[in-house]
Amino acid sequence: MSHEPDLLHSDTQEALRAAVRALLADRAGHPVVLGRIETGDPYPPGLWPALAGDIGAAGLLVPEELGGQGAGHRETAVVLEELGRAVTPAPYLTGAVVATETLLALAGDGGPAAGLLAELAAGERTAVLAAPLTTAPRGADALFAVPAEAPVRGVADAVAADVLLVPRPDGLYAVPAVEAAVTPLSPLDLTRPLAAVDARGAAGTRLAGAAGARAAVRRGLLAGAGLLASEQLGLAEWCLEETVRHARERHQFNRPVGSFQALKHRMARLWLDVVGARAAARAAADALAAGAADAELTVAVAQAYCSGVAVRAAEECVQLHGGIGMTWEHPAHLALKRAKADQLALGSAGHHQDVVADLADLPAPA
Amino acid sequence: MTDAADLRARVRDLLAAHPPATTGRTDFLRARFDAGLAWVHHPAGLGGLDAPRSLQAAVDAGLAAAGAPDNDPGRIGIGLGMAAPTLLAHGSDEVRARFLKPLWTGEEVWCQLFSEPGAGSDLAALGTRAVRDAATGDWIVDGQKVWTSSAHTARWAILLARTDPDLPKHRGITYFVCDMTDPGVEVRPLRQLTGEAEFNEVFLTGVRIPDAHRLGAVGDGWRVARTTLMNERVSIGGARIPREGGMIGRAAAVWRDRPELRTHALHRRLLDLWVDSEVARLTGERLRQQLAAGEPGPEGSAMKLGFARLHQAVSGLEVELLADDGLLYGDWTMTRPERVDFTGRDAGYRYLRAKGNSIEGGTSEVLLNIVAERVLGLPPEPRDDKDVPWKDLAR
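Residues numbered from 1 in each chain as written. Chains lettered and ligands numbered in written order. Predicted model: local features only at pLDDT ≥ 70, side-chain atom pairs only at ≥ 80, totals over all residues. Heavy atoms only, no water.

A. Quick look at the environment of Arg 223 of chain B. All names here are of chain B. Structurally, Arg 223 can be placed in helix α6 (residues 221-237). Sequence separation between Arg 223 and Tyr 175 is 48 residues, and the spatial gap between their C-alpha atoms is 9.2 Å. In this structure the side chain of Arg 223 is engaged in a polar contact, spanning 3.0 Å, whose partner is the side chain of Asp 220. (Helix = DSSP H or I, 4+ residues; strand = E, 2+ residues; numbered from the N terminus. Polar contact = N/O pair within 3.5 Å; in protein donor to acceptor, adjacent residues only side chain to side chain.)

So, in structure tokens, the structure goes:
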């Protein structure tokens, strides 16, 4: 009855990781990202076609008969680990996970969802869900009740999208981005642009009716929350590695600062947290891939745990780098801002704890 | 190489020749050892078949399913987890043939004479002396050991003693097998804060050990001890647990059964710890999968550190959750238990006993140093004791 999770990385997944890491090192190193984040267009030029198209990362979740790579969540998670490590601006979590998984739920009927899905999987077009980045999986239903007069605030990667998936009370609509008003906001995390989206003036194409659309968006957000844990894992791993590297090289008081026990213990504790995050993130990806009965609980555990680990890792990275960690020049702040924003994305840790309380039968006081 | 199918056949043969229903417990265990099904990874004749260690679990499960008795590992943990790997790695043929079988069957209980009042985290500073008797070649041992579990039931002990005080501390130590029935061995219970005496103090006065019971070369005891201590951490941190296994299951059950005790503050802490416990469980599961795939990671060090913190936090929460009942304590009677039960008894006991989890088997502070230096590659703290003769060290 209970699903036996596979928590390891396969050789194929490690090969995928190596390809993505090499691409990011070539096209999207920290100097490139730092040089673009204040332009309003942080996405490294040429990266998306190479990542989505050449490597095929945009279609990992999509079966081959629907135009994708026929891989799955475990492989997609590896890509997110790498994007987290490099704090890469790319509409991957939003487009290739949340929007793609939403369309996957609707593509079985053929029709416009299947056509759009194939274009997303090939990296030819990009779509994002017109919902605040903070929307948790259990918040899907509320999206469809949004009063029609309000623009949607805090839509991530909307500025990079060709198509917006717009929840309306009678279903989910595909709206060409050029027909909507997309107003960029000034985000805490400059590597994941946010915008206010007003799609009221555009008709769009209806992809699904009321009930099917709600379930599809819930599924898309659940996959997003579960795989966000892998982005947080990758980010935390990078922070720990950079901090250890710095602590070995930096000398004060005629010693490497990493030889002081006060600092060593902090890094060792962080390593323990990262070890836990790796297990939790792998479990979430595996549960999604297997369609496990306890997938929602496993995702909630991963989010409740990994979002805090990523923030702690980034905060330790800044502190243990000393003065250099406070500068704009050093990439630590990219990780800190991404980690802090990720803490709110797709449901806060507290929200996911509430889901655990519900699913594990640990109810709040009456 | 022996494979899973061979082992299944050997399990069938053992059960056919020695039906558990009609065979005495010790007779069955001896036959199991002789069949090579005790430790399948051991050499033939020493309880094994040179098979991969990963096949042991299937053997254990197959025998348990047939109603076969086990060797009660909770009672002989020191022997199984620490003495046996060391005897196998460093014992002479005679030593291995003499000791491993009764160790595994539980006919002879083992204990460990390592820690001393003046040598805890800095174990290599130990001062128990072993002096060679020129006439017989035997070693004469004098000193005091502490925190010795099972000393009062043990037949044998693994012992570290200083054989050359003029060398730096790591180099003058030798590793022995000590006869606990020697008239110079005195065992006194050491009562701990839970009220019971799970451990002992052991006083050694003129204890005689034949040179044949030395493991490894004279002065090489520290290296031999590393085999033992590596296995201690595996045996403490490696137990498999289901979701809500261990302490969190007890606290969760109280939460479900006693709604009148629930508060918002305790709810948040319970959920924090439930998530942490589930992540610790998954970390252990991942470690097991790595071991099975032949790629052991350093995560083993994480397990003991994580469980120590969790046990302490969860048991503390449970005492608070129980409110009026949390003020009670089951039994302060001084007893000498043969086994430790971290998750048993009442919440107050678990809270107090868990305090030892971050001390026994390496303090959490020392383990964090080990993680920092061996896993992360951080530089060691400067040390001024490594090249000083032991006799000149401050103590």
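B. Looking closely at the nonpolar core. Leu 51, Val 79, Tyr 92, Leu 129, Leu 165 and Val 356 of chain A are the most contacted members of the largest nonpolar core, which totals 148 residues. Broken down by element, this core gets its largest block of residues, 18 residues, from helix α8 (residues 210-249) of chain A. Core analysis: the next-biggest nonpolar cluster, separate from the first, contains 54 residues, Phe 33, Val 141, Val 207 and Val 224 of chain B among them. (Core = buried A, V, L, I, M, F, W, Y, C linked by side-chain atoms within 4.5 Å. Buried < 20%, exposed > 50% of the residue type's maximum accessible area, 1.4 Å probe, protein only.)

C. How the structure looks around the pattern of salt bridges. Inspection of every chain in the model, using the stated rule, returns 63 salt bridges over all chains. The closest approach of N and O atoms between Arg 338 of chain A and Asp 189 of chain A, which form a salt bridge, is 3.0 Å. Here the residue Arg 338 of chain A occupies a position in helix α11 (residues 332-344), and Asp 189 of chain A occupies one in the loop between β5 (181-184) and β6 (194-198), the gap between them amounting to 149 residues. Looking at Asp 189 of chain A, the relative accessible area reads 4%, which means it is buried. For Glu 108 of chain B, the salt bridge identified is with Arg 98 of chain B, shortest N-O distance 2.9 Å. Of the two residues, Glu 108 of chain B is situated in the loop between α5 (93-105) and β1 (110-113) and Arg 98 of chain B in helix α5; the sequence distance between them amounts to 10 residues. (Salt bridge = Lys/Arg side-chain N within 4 Å of Asp/Glu carboxyl O.)

D. Region of interest: the interface of chain B and chain A. Contact residues are listed per partner, giving 44 residues for chain B and 47 residues for chain A. When the two sides are added together, the surface that chain B and chain A hide from each other amounts to roughly 3,900 Å², 67% of it contributed by carbon and sulfur. When the buried surface of chain B facing chain A is broken down by residue, Arg 286, Leu 368 and Leu 376 of chain B rank first, second and third, together holding 16% of it. Taken together, the connections running from chain B to chain A amount to 5 salt bridges. (Contact = heavy atoms within 4.5 Å. Buried area = accessible area lost by both parts, 1.4 Å probe.)

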